[in-house]
Amino acid sequence: MADTSSMRADVAAAFDAVRGGDSSRTGKLVKYGDKVIPAIAPLLKDADASVRLEAIAILDALDSKRSAEAAIGALNDTASNIGQRAARLVYRAVMRHGADDFPGLSAALTAPSAAPAPDAARLLLLAFAPGGEVTLRTAVGSGSLVKLSDGGPAVEAALPADIALSRLGVGDARSRLLDRIGTGNAADLEFLLVTIGMIDAPEILHALAALALGDGREVGGGMPAGVSPARRMTDNAVEAFITRLDLQTGIKTAPVKRYSPEEIDRVRKAVSASIPH
């Protein structure tokens, strides 16, 4: 009880400071782990947008199933990118645990107050919301640029919309994805590899593997800035397909590794053997 009282006192003090313009204390609340969530979640409804922003930042830093469950309540907050941060957190959790573990998600995504602005994570999540197809089809015509993470590639909103529609079995969306893969746009390929867990159509996986596993272009991420040689599209593809298909290749993966031609060919063969043609 004493620990809980101390934690709640720390939360109260930190957010009193936020109301006064000082957000320096909130980061320390992460040390409490998921135990702090019951004290943080109600702050997502606070009238002060700065309070809501710090609350979602804490949940985002915790990056757990419980913090994502709480973040569903902020999905339709349009102030200070709060809804966007909530959507990214929830998307990561859904990819780890499955949408069925978040029963309030569908209602939040399709509520009358649902955020209308295109957002990559939100569009992807609409694949798990009955009735989301209408919003997704509207987004297919959008040229607005969206990201799934601050450091990730910027792509047209139509791409995550088509990924979600493909997940729903929409044939024309799969055709558009195949066309996009065929153009070889680097940002699109990076985004598809990052979201490969959403892709279940064999023809899309085959097309993506055929192009990305042979793509030696250098891409962002992995190596520290300025370090050479940089990561390549093919390195991202190796790890994406090993994870997505649970390939038993014997290859040791690492986020800063550049894979040899032999390792890449081993993954290429394993992909071909794992996915129906």
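Preceding this section is the structure that the text describes.
This section reports on the structure supplied with the text. (Residues numbered from 1 in each chain as written. Predicted model: local features only at pLDDT ≥ 70, side-chain atom pairs only at ≥ 80, totals over all residues. Heavy atoms only, no water.)

1. Topic: the nonpolar core
- If you look at the biggest cluster of nonpolar residues, it comprises 89 residues, and the most contacted ones within it are Phe 15, Ile 40, Leu 208 and Phe 241.
- At eight residues, the largest contribution of residues to this core is made by helix 5 (residues 82–97).
- Setting aside anything within four residues of it in sequence, one finds Phe 241 in contact with Leu 193, Ile 196, Leu 205, Leu 208, Ala 209, Asp 246, Leu 247, Val 267 and Val 271. (Core = buried A, V, L, I, M, F, W, Y, C linked by side-chain atoms within 4.5 Å. Buried < 20%, exposed > 50% of the residue type's maximum accessible area, 1.4 Å probe, protein only. Helix = DSSP H or I, 4+ residues; strand = E, 2+ residues; numbered from the N terminus. Contact = heavy atoms within 4.5 Å.)

2. What about the packing of helix 11 (residues 186–194) against helix 13 (residues 233–245)?
- At a minimum axis separation of 9 Å, helix 11 and helix 13 run at an interaxial angle of 20°. With respect to helix 13, the element helix 11 is oriented roughly parallel. Along this stretch, helix 11 crosses helix 13, giving a crossing that reads as left-handed. Taking contact as the criterion, the partners of Ala 186, Leu 189, Glu 190 and Leu 193 in helix 11 are, on helix 13, Met 233, Asn 236, Ala 237, Ala 240 and Phe 241. (Axes fitted to C-alpha atoms, helices over the stretch in contact; angles between N-to-C directions. Parallel < 35°, antiparallel > 145°, perpendicular 65-115°, else oblique. Left-handed = near helix turned anticlockwise from the far one by under 90°.)

3. Remarks on the environment of Ala 212
- With respect to the element layout, Ala 212 can be found in helix 12 (residues 202–212).
- Given the relative accessible area of 0%, Ala 212 is considered buried.
- Separated by 19 residues in sequence, Ala 212 and Arg 231 have C-alpha atoms that sit 13 Å apart.
- For Ala 212, the residues in contact, after removing those within four places along its chain, are Leu 193, Met 233, Thr 234 and Ala 237.

4. Let's talk about helix 10 (residues 171–183)
- Taking 1.5 Å as the rise per residue, helix 10 with 13 residues should run 18 Å; its terminal C-alpha atoms sit 19 Å apart, in good agreement.
- Considered for burial, the residues of helix 10 that qualify are Ala 173, Leu 177, Arg 180 and Ile 181. The buried residues of helix 10 all sit within an arc of 100° when viewed along its axis, so they share a single face. Pointing more than 90 degrees away from the buried face of helix 10 are the exposed residues Asp 179, Gly 182 and Thr 183. (Expected span 1.5 Å × (residues − 1). Arc of directions from axis to C-beta.)

5. Examining unusual backbone geometry
- In the Ramachandran plot, Asp 63 falls in the positive-phi region, its phi being about 50° despite a non-glycine side chain.
- Within the chain, Asp 246 stands out as a residue other than glycine whose phi angle is a positive 50°.
- With respect to the secondary-structure elements, Asp 246 resides in the loop between helix 13 and helix 14 (261–274).
- Taking relative accessible area as the criterion, Asp 246 reaches 57% and is therefore assigned exposed.

6. Digging into the environment of Ile 242
- Residue position: Ile 242 is located in helix 13.
- Judged by its relative accessible area of 13%, Ile 242 falls in the buried class.
- Residues Ile 242 and Val 271, spaced 29 residues apart in sequence, show a C-alpha to C-alpha distance of 8.4 Å.
- Every residue in contact with Ile 242, bar those within four places of it in the chain, is listed here: Leu 247, Thr 249, Ile 251, Thr 253 and Val 267.

7. Examining the side chain of Glu 263
- Tracing the sequence through the fold places Glu 263 in helix 14.
- In this structure, Glu 263 is in contact with Ile 251 and Lys 257, ignoring residues within four places of it in sequence.

8. A look at the pattern of salt bridges
- Considering all chains together, one arrives at 21 salt bridges under this definition.
- In this structure, Glu 133 and Arg 137 form a salt bridge, with 3.1 Å as the shortest nitrogen-oxygen distance. Placement of the pair is Glu 133 and Arg 137 together in helix 8 (residues 133–139), with a separation of four residues, close to one helical turn.
- Judged by relative accessible area, Glu 133 falls into the partly exposed class, the value being 33%.
- Connected via shared salt-bridge partners are Asp 60, Asp 63, Arg 85, Arg 92 and Arg 96. (Salt bridge = Lys/Arg side-chain N within 4 Å of Asp/Glu carboxyl O.)

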